[in-house]
Amino acid sequence: MEYLKAFVVGGLICVVGQIILDTTKLTPAHILVIFVTAGVVLGGLGLYEPLVKFGGAGATVPLPGFGYSLAKGAMEGAKSKGIIGAFTGGLEATAGGVAAAIIFGYIMALVADPKTKN
Amino acid sequence: MDNLNKKDYQKYAERKIPKPTYFKNIILAFIVGGLICVVGQIIRNTLFKYGLDEKAVAAGTSIILVFLGAFLTGIGVYDKIGKIGGAGAAVPITGFANSIVSPAMEFKREGFIFGVAAKMFSIAGPVLVYGVGSSIIVGILKLLLTKGR
């Protein structure tokens, strides 16, 4: 059941992206930026939390989930450490993913070459 | 074929007309995006089994998914998934990893600073700028609104 919920919620978030992609001139890069920012705004308003509770990884794995983590971290930081926490909280909460993206991205780019077949 | 009447032919022809591709795109985005999230859920549940707390599980899941996205991009598989899944492959965090590795590989010949390291962030950079930037605003707003009470 948990997996089904993750599948449906995650799938639907991607469908929203696909509809924007097919009906507007926006590129995937635009979608990613819009989705992260939307996740931050929805997270800040407390509207994304129920989706995470319901969909689990289906809500946290797509990029709005990244935005949600940023917002949640910043708000928790602000609560516990004040203004400094508002600056540090978001990146603290997402540090694992960001650091992984830097190191794995760099290593893969070094060892692999673009595949230009077909 | 000769004994096909008009109605049957129309039915036959309708079946052969390509359906609008965006319907197909939506279905594929749903399936591919959904499956990636199921993989994420499997990783989450596995990490929980090892007794990690919520924060560690969230970080660990991101790290593993980013690794998978980067690795599959490096071996040329993620681009194929992307061709099938469209936004279903781009929107999950694995797509974020893909957006880092793809340009970094491509611009390797421009050097390790302005090629690999700079191009890694051609898409991830804006995502972080808007994501982190807006989260700081949210944090400050939270502070102002709760202090006011």
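Because the structure is predicted, anything quoted here is derived from the model rather than measured.

Conventions and cut-offs
Residues numbered from 1 in each chain as written. Chains lettered and ligands numbered in written order. Predicted model: local features only at pLDDT ≥ 70, side-chain atom pairs only at ≥ 80, totals over all residues. Heavy atoms only, no water. Contact = heavy atoms within 4.5 Å. Buried area = accessible area lost by both parts, 1.4 Å probe. Salt bridge = Lys/Arg side-chain N within 4 Å of Asp/Glu carboxyl O. Polar contact = N/O pair within 3.5 Å; in protein donor to acceptor, adjacent residues only side chain to side chain. Helix = DSSP H or I, 4+ residues; strand = E, 2+ residues; numbered from the N terminus. Nonpolar A, V, L, I, M, F, W, Y, C, P; charged D, E, K, R; others polar. UniProt positions renumbered as here; feature names shortened; annotations may be inferred. Expected span 1.5 Å × (residues − 1). Phe/Tyr/Trp six-rings, centres within 6.5 Å; stacked < 30°, edge-to-face > 60°. Buried < 20%, exposed > 50% of the residue type's maximum accessible area, 1.4 Å probe, protein only. Lys NZ or Arg CZ within 6 Å of the ring centre and 35° of its normal. Axes fitted to C-alpha atoms, helices over the stretch in contact; angles between N-to-C directions. Parallel < 35°, antiparallel > 145°, perpendicular 65-115°, else oblique. Left-handed = near helix turned anticlockwise from the far one by under 90°. Core = buried A, V, L, I, M, F, W, Y, C linked by side-chain atoms within 4.5 Å.

Engineer: Help me understand the interface of chain B and chain A, please; the structure alone is not making it clear to me.
Structural biologist: A common way to state how big an interface is: give the accessible area lost once the parts meet. Taken together, the contact between chain B and chain A spans 64 residues of the former and 63 residues of the latter. Roughly 5200 Å² is buried in total at the junction of chain B and chain A, and carbon and sulfur atoms are behind 81% of that figure. As a salt-bridge pair, D113 of chain A and K108 of chain B come within 3.1 Å of each other at their nearest N and O atoms. In this structure, the connection of chain B to chain A is made through 12 residue pairs in polar contact (both at pLDDT 80 or more). Those elements that place two or more of their residues in the side of chain B that touches chain A are α2 (21–49), α3 (54–74), α4 (77–85), α5 (87–90), α6 (93–106), α7 (112–119) and α8 (121–148) of chain B. The element contributing the most residues to the side of chain B that touches chain A is α2 of chain B, with 17 residues. Its residues assigned to classes, the side of chain B that touches chain A shows 41 nonpolar, 17 polar and six charged.

Engineer: What should I look at first to understand the UniProt feature "transmembrane region" (unreviewed entry) in chain B in this one?
Structural biologist: Look at the UniProt record and you will see "transmembrane region" (unreviewed entry) annotated at residues 21–44, 56–77, 84–101 and 121–145 of chain B. Along residues 21–44 of chain B, the helical share is 100% and the strand share 0%, with 34 Å between the first and last C-alpha atoms.

Engineer: Explain the UniProt feature "transmembrane region" (unreviewed entry) in chain A here, please?
Structural biologist: All names here are of chain A. Residues annotated in UniProt with the feature "transmembrane region" (unreviewed entry) correspond here to residues 6–24, 31–48 and 83–109. Segment residues 31–48 splits into 78% helix and 0% strand. End C-alpha atoms: 18 Å apart. As a span, residues 83–109 carries 100% helix and 0% strand, and end to end its C-alpha atoms are 37 Å apart.

Engineer: Would you take a moment to explain helix α5 (residues 63–81) of chain A for this structure?
Structural biologist: Since one α-helical turn is 3.6 residues long, residues separated by three or four positions face the same way. Here α5 of chain A contains 19 residues, and its C-alpha end-to-end distance of 26 Å stays within 8% of the 27 Å for a straight helix at 1.5 Å per residue. Positive backbone phi, approximately 70°, marks G82 of chain A, located one or two places after α5 of chain A.

Engineer: Would you mind going over the packing of aromatic side chains with me for this structure?
Structural biologist: Aromatic ring pairs are defined here through the distance separating the ring centres and the angle between the ring planes. If you walk through the whole model with that rule in mind, you get five aromatic pairs over all chains. Here Y48 of chain A and Y68 of chain A contribute two aromatic rings whose centre-to-centre distance is 5.5 Å and whose plane-to-plane angle is 40°, an arrangement assigned as tilted. Pair noted here: Y48 of chain A is in the loop between α2 (28–44) and α3 (49–55) and Y68 of chain A is in helix α5, with a separation of 20 residues, a long-range link. Here Y48 of chain A falls in the buried class, since its relative accessible area comes to 3%. Residue classification places Y68 of chain A among the buried positions, given a relative accessible area of 6%. Seen from their ring centres, F104 of chain A and F67 of chain B are 5.0 Å apart, and the 70° between their planes marks the pair as edge-to-face. Taken together, the positions of F104 of chain A in helix α6 (residues 83–111) and F67 of chain B in helix α3 put the pair across two chains. For F104 of chain A, a relative accessible area of 22% corresponds to the partly exposed category. One aromatic cluster is present, formed by F104 of chain A together with F67 and F71 of chain B through successive ring pairs. Geometry around F107 of chain B places K119 of chain B over its ring, the cationic atom sitting 4.7 Å from the centre.

Engineer: Can you help me understand the packing of α6 of chain A against α3 of chain B in this one?
Structural biologist: Geometrically, a packed helix pair is captured by the angle between its two axes and the distance between the axes. The geometry of α6 of chain A relative to α3 of chain B is characterised by a closest axis approach of 8 Å and an angle of 20° between their N-to-C directions. If you check the angle between α6 of chain A and α3 of chain B, you find them roughly parallel. The hand of the α6 of chain A/α3 of chain B crossing is right-handed. Contacts from G96, G97, A100, A101, F104, G105 and M108 of chain A of α6 of chain A reach α3 of chain B at S62, I63, V66, F67, A70, F71 and G74 of chain B.

Engineer: Hey, could you run me through α2 of chain B in this one?
Structural biologist: Between its first and last C-alpha, α2 of chain B extends 42 Å over 29 residues, near the 42 Å set by a 1.5 Å rise per residue. Phi for G51 of chain B, located one or two positions after α2 of chain B, is positive at around 85°.

Engineer: Before we go on, may I ask you to explain the nonpolar core in this structure?
Structural biologist: Most often, soluble globular proteins keep nonpolar side chains buried together rather than apart. Core analysis: the biggest nonpolar cluster contains 54 residues, and V61, L63 and F66 of chain A together with V91, I93, F96 and V127 of chain B have the highest contact counts within it. Top contributing element to this core by residue count: α6 of chain B, with seven residues. With near-sequence residues (within four places) excluded, I93 of chain B lies in contact with V61, P62 and L63 of chain A together with S62, L65 and V66 of chain B.

Engineer: Honestly, the side chain of T94 of chain A in this entry has me stumped. Any pointers?
Structural biologist: All names here are of chain A. Tracing the backbone shows T94 in helix α6. A residue is classified by how much of its surface remains accessible, and T94, at 6% relative accessible area, is buried. Setting aside anything within four residues of it in sequence, one finds T94 in contact with F66, S69 and L70.

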